[in-house]
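Overview (structure and organization)
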Amino acid sequence: MDMTYAGAESKVARRKRSAIARYAAPYLFISPWILGFLFFTLGPLVFSLTMSFYDWPVVGERTFVGLENYRSMLFEDPQFWESLWITVKFAAIYVPFNIVMSFLLALMLHHITFASGFFRTAFYLPSVISGVALVTIWSWIYSREYGLLNFMLSFVGIDGPNWLGDPNLAIVAIIIASLWGLGGTMLILLTGLKAIPKELYEAATVSGVPGWAQMVFITLPMLGPMLLFTFITSIISAFQQLTIALLLTKGGPLGSTYFFAMYIYDNAFKYFDMGYAAAGSWVMFIIVLLLSLGVMRWSAAWVYYEGEVRENDGDRNA
Amino acid sequence: MLNRKSIIGSLMVLAMAGTATARAEETLRFATWDTDESLAIQQEIAKKFEEKHPGVKVQVEPYADGYDQKLIAAFGAGNPPDVMYMWNFPQYYTSLKPLDDLIAKDAAELKPDDFPQGLMNTVRVEGKTYGMPSGFTTQVVFYNKDMFAKAGVEEPKDGWTWDDLRAKAAKFRDEPNKVYGFAVDAKPDPYDFEQFLWSNGTKYISDDGKKIDGYMNSDAAAQVLDMFADMAKKQEAITLNLGDDTSGSTLFKGGKIAMFQSAMWSKSGIDASGIKYGVAPLPKFGDKTAHSALGVSAISIAKDAAHPDLAWEFVKFFSSPEAVAMRVNDLPVRTSVAEEKGMTKDPIYKPFFDILATSNTETHAFLKNANWGKVQDNLARAIEATMIDQGNAKQHLDDAVNRSKRLIK
């Protein structure tokens, strides 16, 4: 009896222990991520928010100024609005181009049967090149006197413009250079295309649905979530545009490519005004957040998730 | 089993040995922005200092590009180098050690009077000295002797004016071959550019650092800018830095421009190119006195230096005639060294020194106002706009002043 009792007790203990293990183990497994998040994301996030309420030079006294950084940025600093406007213009052109061109490329690669692996690599490769190398290449391409682009144009009798020296053209040059990286977006869309069940097309073909209609009623809806994802990430990367402008044009000529991220960068690392720069980053965060939320909201109108049941769908089934 | 005690024992011995060597050898950290040959010179000087101070090790930290970012990060983290190169005194002076008392104490050895006043002006903030000049350059005009001879143009002389320069430059214009007389920088460093305003009787900002309206956008300032834009328009000069990064020194070394305004930092490259060149002083505006910007490398001590006494010893040695004479990539900051080397008489070096005498009357704008960095960017844009526009300087400068008003209080 004693033994049985002892055995029962140990069983309870064991069960208790295993319960702890059962609950703790998963957290233990994801702890590297949790720690990383705390130290490298949440920590700096809180830190930068604090910073944004201070006059925070790197060297010297820090003083609490409340919302002063935000106030003077929004109401007194013309540079803020100008750089924001340039960024919005850039995004308005870059984002649609990035998605449409990636989509067309993905579509092409999806249907290509000849050396498809080679073409996929070839189109994806440019997006792997690091920012600095990319910019070096483009500065050769755009060079007025010795550039590849103007050299090509000279064959068709066009006297090439000063791409990076003309305030109206420099932003175009940056958009083109940025589109160089669309391989990443293309790959996501290509994956999406591959995942669309063939039966849908077969059924449509059998029913005599023409190609364009298959595109509109099958491909695009099925690709919806992927398009939404690339839409949002494109907006984010457009707002974070820094490397190319910083290295290719340094924001010039005449500030025509002075992006919002560069404005933040300059405040932080050129004027060493960390509080002001932190406030700028938070403004950017809020803008991007609002835009993303807006897109998510709007996406309900055009993104269809497989297996999703909608209210009016019910009516149709009834 | 390996004896645990013996392991602990040997670890302790090792630890003790470590502290012992650390005590015997003091390490002085010295940060510099120099690279290549200039860096080699610093390392040479550091080695000489080590020889004179047995047991001291100088750790030369070459931050190169992004010097300021790295230095300010070191200050921000509370771990600055003991001794460092310095130029932006308004930015850092609160973290630097004032040197006036030390200079006075060691005046007999240091001989502060040997340093030209103009150079000392660049290391002072609010009347206190925060560094010692270690090398400098003024601005000059390099000219290609062969091109002048071939075109039959008379070489520049002392006391020449901008009108003279323009007249000469016009004679070199050869559009099909892209050869020009001069080069105008569309994005000059505003720091250096102020020399032209000084030479034309104005400046960026009032001496008390509180007023830019009527200075930066004065008629005299606009006149300077319009002149450069007009030179580009009439193709007396090629415009640099308009979306192209071909440098003036590259064009000059390649025989594409006959005259090139620059400073000591271009000289070694031009020497290496093997072209025959002469050096002329900066031209004057009419009969006004020409002034030059001063590019000064100085050396400073961090307020919280780990080895303050040793740091001062190092600064003293760095400023000694011996060390100053070793710096061949810029100009000697000691008058005695320059004279001893015969540089003040040498036709190549003489123009650099001549203008120094007239360049101690003005103070660079950034030493007058803490917000200058931001103002300067608006100004740089006005200069660039004038070059792209090929004129209308007044309008662009007015715009820069309006944008900067909130920063000047």
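Parameters and conventions
Residues numbered from 1 in each chain as written. Chains lettered and ligands numbered in written order. Predicted model: local features only at pLDDT ≥ 70, side-chain atom pairs only at ≥ 80, totals over all residues. Heavy atoms only, no water. Core = buried A, V, L, I, M, F, W, Y, C linked by side-chain atoms within 4.5 Å. Buried < 20%, exposed > 50% of the residue type's maximum accessible area, 1.4 Å probe, protein only. Pairing = 2+ DSSP bridges. Helix = DSSP H or I, 4+ residues; strand = E, 2+ residues; numbered from the N terminus. Axes fitted to C-alpha atoms, helices over the stretch in contact; angles between N-to-C directions. Contact = heavy atoms within 4.5 Å. Buried area = accessible area lost by both parts, 1.4 Å probe. Salt bridge = Lys/Arg side-chain N within 4 Å of Asp/Glu carboxyl O. Parallel < 35°, antiparallel > 145°, perpendicular 65-115°, else oblique. Left-handed = near helix turned anticlockwise from the far one by under 90°. Nonpolar A, V, L, I, M, F, W, Y, C, P; charged D, E, K, R; others polar. 1 Å grid on protein atoms, 1.4 Å probe; cavity = no way out; pocket = protein on both sides within 12 Å on 5 of 7 lines; lining within 4 Å. Points joined across faces, edges and corners; volume = space filled by probe spheres on them. pLDDT = per-residue confidence, 0-100. Phe/Tyr/Trp six-rings, centres within 6.5 Å; stacked < 30°, edge-to-face > 60°. Lys NZ or Arg CZ within 6 Å of the ring centre and 35° of its normal.

**Structural notes on the nonpolar core**
- One finds F30, M84, M132, F142 and F314 of chain B to be the most contacted residues of the largest nonpolar core, which totals 149 residues.
- Of all hydrophobic cores here, the second largest spans 54 residues; its members include V141, A169, L197 and F285 of chain B.

**Digging into the sheet that holds strand β10 (residues 259-263) of chain B**
Residue and element names in this part refer to chain B.
- Read from one edge to the other, the open sheet built from 3 strands follows the order β10-β7-β11, with strand pairing classed as antiparallel. Looking along the sheet, the strands with just one partner apiece sit at the ends: β10 and β11 (277-280). The sheet shows a mean angle of 35 degrees between the axes of neighbouring strands, direction not considered.
- Across 5 bridges, the pairing between strand β7 (residues 139-144) and β10 is antiparallel. Paired with Y143 across the bridge in β10 is M259.

**Section: the interface of chain B and chain A**
- The partner chain A presents 29 residues to the 25 residues of chain B that form the contact.
- Note on chain B versus chain A: buried area summed over both sides is about 2300 Å², and carbon and sulfur give 49% of it.
- Inspection of the chain B/chain A interface yields 5 salt bridges.
- The shortest N-O distance in the salt bridge between R406 of chain B and D77 of chain A comes to 3.2 Å.
- Only α3 (67-76), α4 (89-92) and α18 (372-389) of chain B provide two or more residues apiece to the side of chain B that touches chain A.
- Ranked by the residues each element gives to the side of chain B that touches chain A, the list is headed by α18 of chain B, at 8 residues.

**Topic: the packing of helix α11 (residues 219-233) of chain B against helix α19 (residues 393-404) of chain B**
Residues and elements named next belong to chain B.
- Contact geometry for α11 and α19: axes closest at 8 Å, N-to-C directions at 125 degrees. Between α11 and α19, the interaxial angle falls into the category oblique. As for how α11 packs across α19, the hand of that crossing is right-handed. Of the residues in α19, those in contact with D219, A221, A222, L225 and D226 of α11 are A393, K394 and L397.
- Taken together, the residues that form the contact of α11 with α19 break down as 5 nonpolar, no polar and 3 charged.

**Section: the sheet that holds strand β3 (residues 83-86) of chain B**
All names here are of chain B.
- Taken together, 5 strands build an open sheet; the order of strands is β2-β1-β3-β12-β6 and the sheet is mixed. Looking at strand neighbours, the two that pair on one side only are β2 (56-62) and β6 (132-137), the edges of this open sheet. When the angles between neighbouring strand axes are averaged without regard to direction, this sheet yields 20 degrees.
- Helix-sheet contacts for α3 involve β1 (26-32) and β3, and the interaxial angle to β3 is about 140 degrees.

**So, empty space enclosed by the protein**
- If you walk through the whole model with that rule in mind, you get 3 cavities of 30 Å³ or more.
- Approximately 150 Å³ is the volume attributed to the largest cavity.
- Residue lining of the largest cavity: 13 residues in total, with D77 and Q79 of chain A together with K374, N378 and R406 of chain B positioned closest to the centre.
- Counting only elements with at least two residues in the lining of the largest cavity, the list comes to α3 (78-111) and α12 (260-269) of chain A together with α18 of chain B.
- With 3 residues, the top contributor of residues to the lining of the largest cavity is α18 of chain B.
- Across the lining of the largest cavity, the residue classes tally to 5 nonpolar, 3 polar and 5 charged.
- Its volume calculated, the second largest cavity comes out at about 50 Å³.
- Taken together, G118, N121, T122, W198, L294, S359, E362, T363, H364 and L367 of chain B make up the full set of residues lining the second largest cavity.

**Observations concerning helix α10 (residues 190-199) of chain B**
Residues and elements named next belong to chain B.
- In terms of residue burial, α10 counts as a mostly covered element, since 10 of its 10 residues are buried.
- Those residues of α10 that are buried are in contact with β7, α9 (162-170), α11, β10, α13 (264-273) and α18.
- Just past α10, the residue G201 takes up positive phi, approximately 85 degrees.

**A closer look at the confidence of the model for chain A**
Residues and elements named next belong to chain A.
- This prediction gives chain A a mean pLDDT of 87; 92% of its residues lie at or above 70.
- Ranking the elements of chain A by mean pLDDT puts helix α14 (residues 311-317) last, at 49, and helix α13 (residues 274-299) first, at 94.
- Below a pLDDT of 50 lies the segment residues 314-318, which in the model reaches 0 contacts outside its immediate sequence neighbourhood of four places, other chains included.

**What to know about the packing of aromatic side chains**
- Scanning all chains against the criterion turns up 49 aromatic pairs over all chains.
- Judged by centre distance (6.5 Å) and plane angle (50 degrees), the rings of F142 of chain B and F252 of chain B are tilted. A residue pair is termed long-range when its members are at least 10 positions apart, and F142 of chain B in strand β7 and F252 of chain B in helix α12 (residues 248-253) qualify at 110 residues. Just as F142 of chain B is buried, F252 of chain B falls in that class too.
- The structure contains a cluster of three or more aromatic residues connected by ring pairs, namely F30, W33, F49, Y63, Y67, Y85, F314, F317 and F318 of chain B.
- In this structure, K374 of chain B is placed above the aromatic ring of Y276 of chain A, and the distance from its NZ or CZ to the ring centre is 4.7 Å.
- The ring of Y258 of chain A is capped by R381 of chain B, whose NZ or CZ atom sits 5.7 Å from the centre of that ring.

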